[in-house]
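Architecture at a glance
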Amino acid sequence: PARPRRLPRPASPERLARFGPEEEGAASVLQLRRGKAILGKMALGAGQESSRPLEGPLKAKEASGRVITTVFIALLIDLLGFTLILPLLPSILDHYSKNDDGLYLTLQHGVDRFAAVVGVPPERKYNNVLFGGLIGSIFSVLQFFASPLTGAASDCFGRRPLMLLTVMGLIASYSLWAVSRSFELFLLSRVVGGISKGNVSLSTAIIADLACPKARNKGMAMIGVAFSLGFTLGPMLGAYLAMEAEKGEIFYLWSALFAVMFSITDLAFIFFFLPETLPKEKRVSSVISGFQSVTSLLSPWALFQFSAASPPAFHATLHSSLNISSRFFSLGVDLAHARSQRQPLHGDVCLACMAAAIYWSLQ
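Summary of the structure given here. (Residues numbered from 1 in each chain as written. Predicted model: local features only at pLDDT ≥ 70, side-chain atom pairs only at ≥ 80, totals over all residues. Heavy atoms only, no water.)

1. A short note on helix α8 (residues 199–208)
Counting buried positions over the 10 residues of α8 gives 10, a clear majority of the element. Here α8 has its buried residues at Asn-199, Val-200, Ser-201, Leu-202, Ser-203, Thr-204, Ala-205, Ile-206, Ile-207 and Ala-208. (Buried < 20%, exposed > 50% of the residue type's maximum accessible area, 1.4 Å probe, protein only. Helix = DSSP H or I, 4+ residues; strand = E, 2+ residues; numbered from the N terminus.)

2. Things to note about the pattern of salt bridges
Scanning all chains against the criterion turns up 3 salt bridges. Asp-209 is the salt-bridge partner of Arg-159, the closest N and O atoms lying 2.8 Å from each other. Of this pair, Arg-159 sits in helix α6 (residues 159–179) while Asp-209 is found in the loop between α8 and α9 (213–243), placing the two residues 50 residues apart along the sequence. Pair check on accessibility: Arg-159 and Asp-209 agree, each one buried. (Salt bridge = Lys/Arg side-chain N within 4 Å of Asp/Glu carboxyl O.)

3. Describing helix α4 (residues 102–118)
Structural remark: α-helix, 3.6 residues per turn; residues separated by three or four positions point the same way. In a regular helix each residue adds 1.5 Å, so 17 residues correspond to 24 Å; α4 covers 25 Å between its end C-alpha atoms and thus fits that length. Looking one or two residues past α4, Gly-119 carries a phi angle of roughly 85°, positive in sign. (Expected span 1.5 Å × (residues − 1).)

4. Examining the side chain of Ser-196
Assignment of secondary structure puts Ser-196 in helix α7 (residues 183–196). Ser-196 gets classed as buried once you look at its relative accessible area, which sits at 9%.

5. Examining the nonpolar core
Within the largest apolar cluster, 60 residues are counted, with the highest numbers of intra-cluster contacts made by Ile-92, Trp-177, Phe-183 and Phe-186. In terms of residue count, helix α2 (residues 21–82) provides more of this core than any other element does, 11 residues in total. (Core = buried A, V, L, I, M, F, W, Y, C linked by side-chain atoms within 4.5 Å.)

The following block contains the structure:
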């Protein structure tokens, strides 16, 4: 700031004798006014400088709020489309079992052998539970391997392009499900969906990119809210659409079409509203180096200890680890229920599955 000017001094007798009292009084008033104007500008400048440090945090807080809202809405739309199939999966498997499909029969023989090893009663309802668990586990295992690779690619190219790419993969997956008339095509849709499901891990990575710790905590909480709403409303909507199918129409067609519609809506929403949260100066120089660092994330021992995951990578892979853990837990519960109908000769297998899932989730 400029050095303050001195206020005018009272008129001396020499000046009064030279210019006269009236002229000297007018000059003094003019100088006083100029001094007051200078002091006012100095005070205004000091006030502006004191308010400038607050502008940065306020703008960052507003930007973080927009990112959290965008991620919440996008994830909720995605989960609504993802959970439509959950109540229909047993009926879909029954539908394909009547077609004498070769691949279905091959997988069925494998499930029968596994059921005989663990002592599951040879009843159709238990067989359907195990077969449905196998199909669900294929999706989760592919997601488990694809999510770290997607996160590593996003560290190089940015979160937003990879998010758009994964949603386009989900659109392809749901489209294959809608047109599938054979078990092979249905299984292919699940494979494509599992590979493309890295958008959930990217959502947590986007929240982890936020600078404010309070914003990150709020964002993680909103992700949990999105999961709760999606897994509550999605299955209800899928079951309702299946019940409303007309006679002669494939019962899962409208659910598949709604899943496609949700994915397209999600793609458009992300394209127009989701900003890039990873600056170029923070990205890795090469995608190869990112893929090399991912290999440690796929090690079971490293995952048990969480020693291989830095904080962003931890948030990017936590969901896939918990997802596959929940599959193991569900398998353990199903086996325990099946064995409760007979002598519990293989209860240790059931308990081992559940213990492994709980240990994996809590480490």
